[in-house]
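Per-entry structural report
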Amino acid sequence: MFLKLGDNVPKGSFGWPILGETLGFLKPHPSNTIGAFLQDHCSSITKSKPEFFNDIERIAVQILNSWKDKQQVMFCEEARKARSRISSRVKAIIEERRSRNGRSCGVRNDFLEILLSVDTLSEDEKVSFVLDSLLGGYETTSLLMAMVVHLLGQSPTASEQLKVINEALRYGNIVKFVHRKALKDVKFRDHLIPSGWKVLPVFTAVHLDSSVHADALQFHPWRWEAQDQTCKKFTPFGGGSRCCPGSELAKIEIAFFLHHLLQNFRWTAEDVDQPMAYPYVEFGKGLLINLDRCSI
Ligand code: HEM
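In every chain, residue numbers begin from 1 and rise along the written sequence. Given that the model is predicted, a residue must reach a pLDDT of at least 70 before its local features are reported, and side-chain atom pairs must reach 80 or more before they are shown or counted; all residues, however, enter totals for whole chains, interfaces and linings. To get the side-chain values, take all heavy atoms of the structure and skip hydrogens and water.

**Looking at helix 11 (residues 247-264)**
An α-helical segment advances 3.6 residues per turn. Residues three or four places apart therefore align on the same side. Inclusion rule: For helices the rule is a DSSP run of H or I covering at least 4 residues; for strands it is a run of E covering at least 2, with both sets numbered from the N terminus onward. For a helix, the expected span equals 1.5 Å multiplied by the residue count minus one. Only protein chains enter the calculation, and the probe is 1.4 Å; a residue is then buried if its accessible area is under 20% of its type maximum, exposed if over 50%, and partly exposed in between.
An ideal rise of 1.5 Å per residue puts 26 Å on 18 residues; helix 11 measures up with 26 Å between its terminal C-alpha atoms. Those residues of helix 11 that fall on the buried side of the exposure criterion are Ser247, Ala250, Ile254, Phe256, Phe257, Leu258, His260, Leu261 and Leu262.

See the structure below:
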């Protein structure tokens, strides 16, 4: 069978000049590394955990460096700085894909291609779908970051000990509820939930229930020293088969950011800015903070 260009074959070049990529593939490299060839060819597909760490830390340091000469920052805007860039990049990719498809009949079966071929969605809905998929993990993390900064600003002792992320998730309730549908009749305590009914498990109700978390309405990061973090009473990332796959990434991003933030700055809120659930949580005034540079 002959392959023609456009078939969904693995990436790489054929026979030019004469040996194709064979020399690059065979090029000697330390045996405890995968070598430059594989490094190049794999890196476009996946990034390893240490590379993510470097990226995350670099971005955190970059943002904090840009605050060096500032007295105040609007934290929510800072935490989302990449939003408009992501949005225009997604639009450009869709445009490019469309014009390329117009020129060739090559069929790709990736997520974007399948989405573009759906006739029942408008152009705007398609862009919004891609953005939502990307931003679902992005908006939540930037909001949790803002929540941590907001709560730490009110608790200098917690800042010193850095025990906040779980408590900000419990107390801040970044995701208030999730959507579920009963696929069959379900008995829950005294209730029967008929098949086909929509169910919204509300995490906030459990997180702020004082019979479940003592003094639930108080921000008290030290509770986590004694409390089990994996119990069903604490579900900021959902649970079961739809549980958030980005939970550890979100925590790592925030831990890196906090580490550098606390090494360089102390801050106070300019104004009372109570986060509100609409139900998406927002700081109405954007969380304006006054910065004090410190050296440790
Ligand atoms: C503070 C940060 C975050 C919070 C509070 C959060 C919360 C959640 C929750 C509650 C769900 C479950 C939705 C459901 O059951 O219907 C979920 C799902 C999901 N999250 Fe996150 N998330 C966060 C960060 C992230 C990050 C950083 C990523 C990716 C980089 C991400 C990607 C996803 C994806 C793809 C799903 C859908 C999983 C599925 O339906 O199988 N999240 N998230």
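**Some thoughts on helix 9 (residues 165-172)**
Most of helix 9 sits out of view: 7 of its 8 residues are buried. Residues of helix 9 that are buried: Ile165, Asn166, Glu167, Ala168, Leu169, Arg170 and Gly172. Just downstream of helix 9 lies Asn173, where phi reads positive at about 45°.

**What to know about the coordination of the iron atom of the ligand**
Worth spelling out the cut-off: Any N, O or S atom lying within 2.8 Å of the metal counts as a donor, and for Na, K and Ca the limit rises to 3.2 Å; water is left out, so some sites can look incomplete.
What the protein offers the iron atom of the ligand as a donor is a single atom, Cys244 (SG), at 2.3 Å. As for its placement among the helices and strands, Cys244 is situated in the loop between helix 10 (203-207) and helix 11.

**Digging into the environment of Ser88**
Tracing the backbone shows Ser88 in helix 5 (residues 83-103). A residue is classified by how much of its surface remains accessible, and Ser88, at 44% relative accessible area, is partly exposed. The spacing of Ser88 and Val127 is 39 residues in sequence and 10.0 Å in space, taken between C-alpha atoms.

**A look at the site of the ligand**
In plain terms, the rule: Near is defined per residue: the residue qualifies when any heavy atom it owns lies within 4 Å of the molecule or strand. Polar contacts, as used here, are pairs of N or O atoms within 3.5 Å; protein pairs need one atom able to donate a hydrogen and one able to accept it. Residues neighboring in sequence count only if both atoms are side-chain atoms.
Lining the immediate environment of the ligand, one finds 18 residues, of which Gly137, Thr140, Arg180, Arg242 and Cys244 sit closest. At 2.5 Å from an oxygen atom of the ligand is found a side-chain nitrogen or oxygen belonging to Arg180. The side chain of Arg242 places a nitrogen or oxygen atom 2.7 Å from an oxygen atom of the ligand. Of all the elements in the fold, those that place two or more residues in the shell around the ligand are helix 7 (123-153) and helix 11.

**Digging into the state of the cysteines**
For the record, the criterion: Working definition: a disulfide is two cysteine sulfur atoms within 2.5 Å of each other.
Enumeration over the complete set of coordinates arrives at 0 disulfides. The cysteine Cys243 is free of any disulfide, with Cys244 supplying the nearest cysteine sulfur at 6.7 Å.

**Details of the sheet that holds strand 1 (residues 72-74)**
Where we set the bar: Paired strands are those between which DSSP finds at least two bridges. All axes here are fitted lines through C-alpha atoms, helices being fitted over the stretch that makes contact, and every angle between N-to-C directions spans 0 to 180 degrees. By definition, residues are in contact when any of their heavy atoms lie within 4.5 Å.
With antiparallel pairing, the 3 strands of this open sheet are ordered in space as 1-9-6. Edge strands, defined here as strands with exactly one partner in the open sheet, are strand 1 and strand 6 (265-269). Strand-to-strand twist in this sheet, taken as the mean axis angle between neighbours without regard to direction, amounts to 35°. Examined bridge by bridge, strand 6 and strand 9 (residues 288-293) share 5 bridges and lie antiparallel to one another. From the neighbouring strand, Arg266 faces strand 9, where its bridge partner is Asp292. Relative to strand 6, helix 11 is tilted by about 90°, and along the sheet it contacts strand 6 and strand 9.

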